[in-house]
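Structural features, examined
Residue-level listing of the chains:
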Amino acid sequence: MEAFAKDLLKDKVILITGGGTGLGRAMASRFLQLGAKVAICGRREDVLEKAAEELSSADGSEVFPQRCDVRDPGQVHNCVDAVWRHFGRIDVLVNNAAGNFISPTERLSPNAVNAVLGIVLHGTFYMTLEVGKRWIEQRLPGTMLNIVTTYASTGSGYVVPSAAAKAGVLALTRSLAVEWAPHGIRQVAIAPGPFPTEGAWSRLSPTPELEAKMLGRVPLGRTGRPEELADLAAFLVSDAAGYINGEVVTIDGGEWLRGAGQFNDLAEVTEEQWDRLSELTRKGK
Ligand code: HXC
Ligand code: NAP
C-alpha cells in the first residue's frame, strides 16, 4: 500500500544519525523512495559504507556516509560541515543515534552512565546546535525529528540512564519548538514501543523469555515493523506536517497505555473467573 505521493520529500536533504542500522536505516530507505537526498552517520565506517552502498543500489540515489561519534562536538562539527558541503544544505536532522542496555541501576558505573547520556542527550544536543546555528545564521527553515521512547514520559526502571537522557531530549524538543519556531525551525519527536532491531534486542531483550514478556505487553499482540515507523517519520518531516511543532507521536501498539493502567494485568482473568468476580463485586460482598 502506498501511503504517500512519490515526491513527498523531493530534494529534501536529510541527515540521520545512526542511519546505518535498524530504525535509522529503515527511515533512510523510505526517505530515499520519497525523493530525499540522505546522509547517514555513526561510529562504524564499515557499517555505514555497506548500508550506503545497499541503500543507493536499491534506490538509484546516492547516500552520503560520514563517520562521526556524536559524543564529540568536534566530530559533530566536521560531519555537519561535510554533509552541508556535499549537498549544499541540510533541510532535516533526524536525531536517532542511541545507546542503551538493561541493568539494575545500582550496578552501573559512572562510565556506563556517561556512555548512554553522552550518546543520547549530549549527542542529540550537539547535533541540534550544530545544525540549528547554521539554519538561524543563514535564515533557512528546517525540521528536527528526535527519536525518543515511550518511557521518556513515564520513566522506566532497569534502563534509567536511557530514560533520563530521553526525557532530556523530549524537553529539548518541546523547548526549542517554542524558541526556534520564529526562525522557521520545527521540532517533532517519535516515541517508539518495541521494534525488534538487532541493536535494541541484543541489549534489551537478550533471551526468549524476555522477548516473550515484551510481546505480551503489547495490546496489538505484535512488535512494530520498521517500515511503519519510517512512514510516520516521513510524514512528520514532510511539508504536509508543517503545522505540527513540539509534538511527540507514540507508535507502540498501545503498549504504554497498558503498562500504565493499574488494572491492565486483569487481562489474565478467565471468563469463568469473571463470572465469579462479577458476583463478588456487585454489592461489595
Ligand atoms: C552494565 C555496561 C553494559 C551492560 C556496557 N557497560 N554495557 N554496564 N551492563 N550491559 C559499561 C561498561 O562496562 C563501561 O563501563 C561503560 O558501560 C561503557 O562501555 P563501552 O562498551 O566501553 O562503551 P561504548 O563502546 O561507548 O558503547 C556504548 C554502549 C553500547 C551504550 C555501552 O551498548 C553501544 O554501543 N550501544 C549503541 C547501540 C544501542 O545501544 N542500541 C540500542 C538502542 S535501543 P566501565 O566502568 O566498565 O568502563 C533504545 C530504546 C529501546 O535506545 C526501547 C525498547 C522498548
Ligand atoms: P540501533 O540499530 O542500535 O541504532 C543505534 C544507532 O546509533 C546505530 O547505528 C549506532 O551506530 C548509532 N550510534 C550509537 N552510538 C553512536 C555514537 N556515539 N555516535 C554516532 N552514532 C552512534 O537501534 P535501533 O533500535 O534502530 O534504535 C534507533 C532509535 O530508536 C534509537 O534512538 C532508540 O533509542 C530508538 N528506539 C528504539 C526502540 C526499539 O525497540 N528498537 C524502541 C524505542 C526507541 P554505531 O554503533 O556504528 O555508532
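What counts as what
Residues numbered from 1 in each chain as written. Chains lettered and ligands numbered in written order. Predicted model: local features only at pLDDT ≥ 70, side-chain atom pairs only at ≥ 80, totals over all residues. Heavy atoms only, no water. Near = heavy atom within 4 Å. Polar contact = N/O pair within 3.5 Å; in protein donor to acceptor, adjacent residues only side chain to side chain. Areas by Shrake-Rupley, 256 points an atom, 1.4 Å probe, with all protein chains shown as cover. Nonpolar A, V, L, I, M, F, W, Y, C, P; charged D, E, K, R; others polar. Axes fitted to C-alpha atoms, helices over the stretch in contact; angles between N-to-C directions. Helix = DSSP H or I, 4+ residues; strand = E, 2+ residues; numbered from the N terminus. Parallel < 35°, antiparallel > 145°, perpendicular 65-115°, else oblique. Left-handed = near helix turned anticlockwise from the far one by under 90°. Contact = heavy atoms within 4.5 Å. Phe/Tyr/Trp six-rings, centres within 6.5 Å; stacked < 30°, edge-to-face > 60°. Buried < 20%, exposed > 50% of the residue type's maximum accessible area, 1.4 Å probe, protein only. Lys NZ or Arg CZ within 6 Å of the ring centre and 35° of its normal. Core = buried A, V, L, I, M, F, W, Y, C linked by side-chain atoms within 4.5 Å.

**As for the site of ligand 2**
Within the structure, ligand 2 sits among 26 residues, and Thr21, Arg43, Arg44, Asn96 and Thr197 are positioned closest to it. Between ligand 2 and Asp69 there is a distance of 2.8 Å, counted from a nitrogen atom to a side-chain nitrogen or oxygen. The separation between an oxygen atom of ligand 2 and a polar main-chain atom of Gly193 is 3.5 Å. Surface burial for ligand 2 is 91%, taken as the share of its 870 Å² of free accessible area covered by protein chains. Of the residues assigned to the shell around ligand 2, the class counts are 12 nonpolar, 9 polar and 5 charged.

**Some remarks on the packing of helix H1 (residues 22-33) against helix H2 (residues 45-59)**
Two elements in contact, H1 and H2, have axes whose closest approach is 10 Å; the angle formed by their N-to-C orientations is 30 degrees. The orientation of H1 relative to H2 falls into the category roughly parallel. The handedness of the crossing between H1 and H2 comes out as right-handed. Of the residues in H2, those in contact with Arg25, Ala28, Ser29, Leu32 and Gln33 of H1 are Ala51, Glu54, Leu55 and Asp59. For the contact of H1 with H2, the per-class residue count stands at 4 nonpolar, 2 polar and 3 charged.

**Overview of the packing of aromatic side chains**
Tallied over the full model, the rule gives 1 aromatic pair. Pairing Phe64 with Phe87 gives two aromatic rings, centres 6.2 Å apart and planes at 80 degrees, and the pair type is edge-to-face. Remark: Phe87 occurs in helix H3 (residues 73-87) and Phe64 occurs in strand S3 (residues 63-67); sequence separation between them is 23 residues. We classify Phe64 as buried; its relative accessible area is 14%. According to the relative accessible area criterion, Phe87 is buried, its value standing at 16%. Cation over ring: Arg134 sits above Trp84, and NZ or CZ is 5.8 Å from the ring centre.

**Examining unusual backbone geometry**
In terms of backbone geometry, most residues other than glycine have negative phi values and most peptide bonds are trans. Backbone geometry at Asp11 places phi at a positive 65 degrees, although glycine is not the residue there. Residue position: Asp11 is located in the segment before strand S1 (13-17). Its identity as a non-glycine residue notwithstanding, Arg139 has a phi of 50 degrees, on the positive side. Secondary-structure assignment places Arg139 in the loop between helix H4 (110-137) and strand S5 (142-147).

**Brief notes about the nonpolar core**
By size, the foremost hydrophobic cluster in this structure holds 33 residues, and its most contacted members are Ile14, Met27, Phe31, Val94, Leu145 and Ile190. Elements that contribute at least two residues to this core include exactly S1, H1, strand S2 (37-42), H2, strand S4 (92-95), S5, strand S6 (185-192) and helix H9 (226-237). With near-sequence residues (within four places) excluded, Ile14 lies in contact with Leu9, Phe31, Ala36, Lys37, Val38, Ala39, Val92, Val94 and Val237. If you look at the next biggest cluster of nonpolar residues, it comprises 26 residues, including Val13, Cys41, Ala97 and Leu176.

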